[in-house]
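Coordinate inspection notes
If you want the building blocks of each chain, they are given just below.
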Amino acid sequence: MNTNFNFSTVPNVVSEAGSAKKLGSILAQQFPLVRHALIVTDNGFLATGLLEAPIASMEAAGFTVHTFTEVIADPPEHIVLQAAETARRHGIEIVVGFGGGSSMDVAKLIAVLSKGNQALSTMYGIGNVKQERLPLVQIPTTAGTGSEVTPISIVTTGETTKMGVVSPKLYADLAILDAELTTGLPPKITAATGIDAMVHAIEAYTTRHKKNPLSDMLAREALRLLSANLVRACENGSDIEARQSMLLGAMLAGQAFSNAPVAAVHALAYPIGGVFHVPHGLSNALVLPHVLRFNASHAAQHYAEIAEIVIPGCSGTSEAKTDMLISALEGLARKVGIATRLSEVGITAADLDRLADDAMLQTRLLVNNPREMTREHAHAIYAAAL
Ligand SMILES: [Zn+2]
């Protein structure tokens, strides 16, 4: 076991269904000196009406609340800069992200950009944020990305190119998990985001670098919660217990993979999202079983340990358990009714060269994969998923 490691995460977590309704008192207690707040979200979440109670509670606690609701999926640079400008103009003192990964990623950068003069263009890469940030609170509205506890923000910088800011400065001060915010998610989004969270845990558990006892514990508990509750949350969206367990599982997986990074499933999923605008969770789900099959010869022991969690009571050799795990994950995708083939999201054989080329650019992720992956391998995996 690797006992030499670093581990970081957010310092405060509130996990309680209904807690967003008490947001004002939670924030007033933890941040007694700030009063001008910016809520960062997207118009889709705004339209659910679920922001009204948190905003009312903040105002009752003496906060002035501004909102920036223009976040879109795969947020482009100009949206981030526009949001930071809004924050500066209103003299914002605390940033609260409400949303899926995109809104939370934008909230991280606003908190940094509106505090000092460092340009966004100089922050890309690892450890390049050189200034302090405003207080930052993250409240996920999907159970998937784990972005509320990761130090990463992904921004779309060109037509399809994305760049990441990775810095310990992006860890929020507080993450709040409230299942009531996720009850309106349609089954297919619940399914795809939930499988994304499972991929975070699986890839953290099998990563070639930085795997450690804490990330392993988190990944295992994440997989236990996610695999036991995903179908329940899909079949009955208002099952608060299942929803809260999914949020908790997604957060634990986020804490795991921000310390033991993800690998080839994500490397092969990113081009699918970038070129075909397939949502992140679904992109991962589409390639997941095929990447695991490719990795099986190099990760069978770890996959067998995961199988024992995902399929309680399963038995046999490591190879047999690995096969059972892959079948169970394929069965899960079928059961929750999401697409299982690349052809279902508009990808054809003619696209595979480009996808394989783009996947090879994800060297930051590929180095973590338990088995070395060449362009030919990536191409074959996409072909198998077609
Ligand atoms: Zn992911």
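Going by the structure above, here's the rest.
Residues numbered from 1 in each chain as written. Predicted model: local features only at pLDDT ≥ 70, side-chain atom pairs only at ≥ 80, totals over all residues. Heavy atoms only, no water.

What follows concerns the coordination of the zinc ion. Note on the zinc ion: its protein donors are D196 (OD), H200 (NE2), H266 (NE2) and H280 (NE2). The metal-donor distances range over 2.1 to 2.2 Å. Around the zinc ion sit four donor atoms, and with donor-metal-donor angles ranging over 89 to 161° the site reads as irregular. Read N to C, the donor residues that coordinate the zinc ion are spaced as D-x3-H-x65-H-x13-H. Linking D196 in helix α6 (residues 187–206) with H266 in helix α9 (residues 264–276), this pair joins segments that are 70 residues apart in sequence. No difference in accessibility class separates D196 from H266, as the two residues are buried. (Donors = N, O, S within 2.8 Å, 3.2 Å for Na, K, Ca; no water. Tetrahedral: all angles 85-135°; square planar, octahedral: opposite > 155°, others 65-115°. Helix = DSSP H or I, 4+ residues; strand = E, 2+ residues; numbered from the N terminus. Buried < 20%, exposed > 50% of the residue type's maximum accessible area, 1.4 Å probe, protein only.)

With that settled, consider the sheet that holds strand β1 (residues 13–15). Taken in spatial order, the six strands of this open sheet run β1-β9-β6-β4-β2-β3, and their pairing is parallel. Edge positions in the open sheet fall to β1 and β3 (64–68), since each of these has one partner strand only. Averaged over all adjacent pairs, the angle separating strand axes in this sheet is 20°, with direction ignored. Pairing between strand β2 (residues 36–40) and strand β4 (residues 94–99): four bridges, direction parallel. When the bridges of β4 are listed, I39 appears paired with V96. (Pairing = 2+ DSSP bridges. Axes fitted to C-alpha atoms, helices over the stretch in contact; angles between N-to-C directions.)

Another aspect to go through is the pairing of β2. Counting buried residues in β2 gives four out of five residues, a clear majority hidden from the surface. Pairing between β2 and β3: five bridges, direction parallel. What sits directly across from L38, in β3, is H66.

What follows is about a nonpolar patch on the surface. Together, F5, L214 and M217 give the surface a local cluster of nonpolar side chains, amounting to about 270 Å² of exposed area. For M217, the location among the structural elements is in helix α7 (residues 213–235). (Patch = residues over 30% accessible without salt bridge, like charges linked within 9 Å, V, L, I, M, F, W, Y side chains within 5 Å. Areas by Shrake-Rupley, 256 points an atom, 1.4 Å probe, with all protein chains shown as cover. Salt bridge = Lys/Arg side-chain N within 4 Å of Asp/Glu carboxyl O.)

Of all the residues in helix α3 (residues 52–60), the buried ones are P54, I55, S57 and M58. For α3, the angular spread of buried residues about the axis comes to 160°, placing them on one side. Those residues of α3 that are exposed and aimed more than 90 degrees away from the buried face are E52 and A60. Here the buried face of α3 lies against α1 (23–30), β2, β3 and β4. (Arc of directions from axis to C-beta. Contact = heavy atoms within 4.5 Å.)

Another aspect to go through is the side chain of N368. Take N368: it is sitting in the loop between α13 (363–366) and α14 (375–385). At 2.9 Å, the side chain of N368 forms a polar contact with the backbone oxygen of V262. Residue contacts for N368: discarding those within four places in its chain leaves T206, T207, R208, H209, P261, V262 and A263. (Polar contact = N/O pair within 3.5 Å; in protein donor to acceptor, adjacent residues only side chain to side chain.)

This next bit is on the sheet that holds strand β8 (residues 162–166). Two strands in a sheet stick together by hydrogen bonds in their backbones, pointing the same way (parallel) or opposite ways (antiparallel). Judged by pairing direction, the sheet is mixed, and its three strands sit side by side in the order β5-β8-β7 without closing on themselves. Edge positions in the sheet fall to β5 (125–126) and β7 (152–156), since each has one partner strand and no second. As defined by bridge partners, β7 adjoins β8 across five bridges and the pair is classed as antiparallel. Counted as the bridge partner of V155 is M163 from β8. Across the sheet, helix α5 (residues 101–113) lies against β7 and β8, angled at about 100° from β7, the strand it touches most.

What follows covers the environment of V10. Mapped onto the secondary structure, V10 falls in the segment before β1. As for V10 and A333, which are separated by 323 residues in sequence, their C-alpha atoms are 31 Å apart. Sequence-distant contacts of V10, that is, excluding residues within four places in its chain, are made with E148, V149, Y171, A172 and A175.

Here we come to helix α12 (residues 352–360). Among all positions in α12, only L352, L355, A356 and A359 are buried. Along the axis of α12, the buried positions cluster into a sector of 95°, meaning they face one direction only. Buried residues along α12 sit in contact with α9, α13 and α14.

Phi is positive for D74, which is not a glycine, with a value near 50°. Here D74 lies in the loop between β3 and α4 (77–89).

Residues V40, V95, L268 and Y382 are the most contacted members of the largest nonpolar core, which totals 112 residues. Beyond its immediate chain neighbours, meaning those up to four positions away, V95 contacts L38, V40, A107, I110, A111, L134, P135, L136 and V137. I26, F31, V96 and V137 belong to the second-largest nonpolar core, a separate cluster that totals 22 residues. (Core = buried A, V, L, I, M, F, W, Y, C linked by side-chain atoms within 4.5 Å.)

Bringing the packing of α7 against helix α10 (residues 280–310) into the picture now. Look at α7 against α10: their axes get within 9 Å of each other, and the N-to-C directions meet at 40°. It follows from the interaxial angle that α7 and α10 lie oblique. The way α7 lies across α10 gives a crossing that is right-handed. For the pair α7 and α10, contact is made by R220, L223, R224 and S227 and by E305, I306, I309 and V310, respectively. Of the residues belonging to the contact of α7 with α10, the class tally is four nonpolar, one polar and three charged. (Parallel < 35°, antiparallel > 145°, perpendicular 65-115°, else oblique. Left-handed = near helix turned anticlockwise from the far one by under 90°. Nonpolar A, V, L, I, M, F, W, Y, C, P; charged D, E, K, R; others polar.)

Geometric descriptors of this kind do not, in isolation, establish any biological role.
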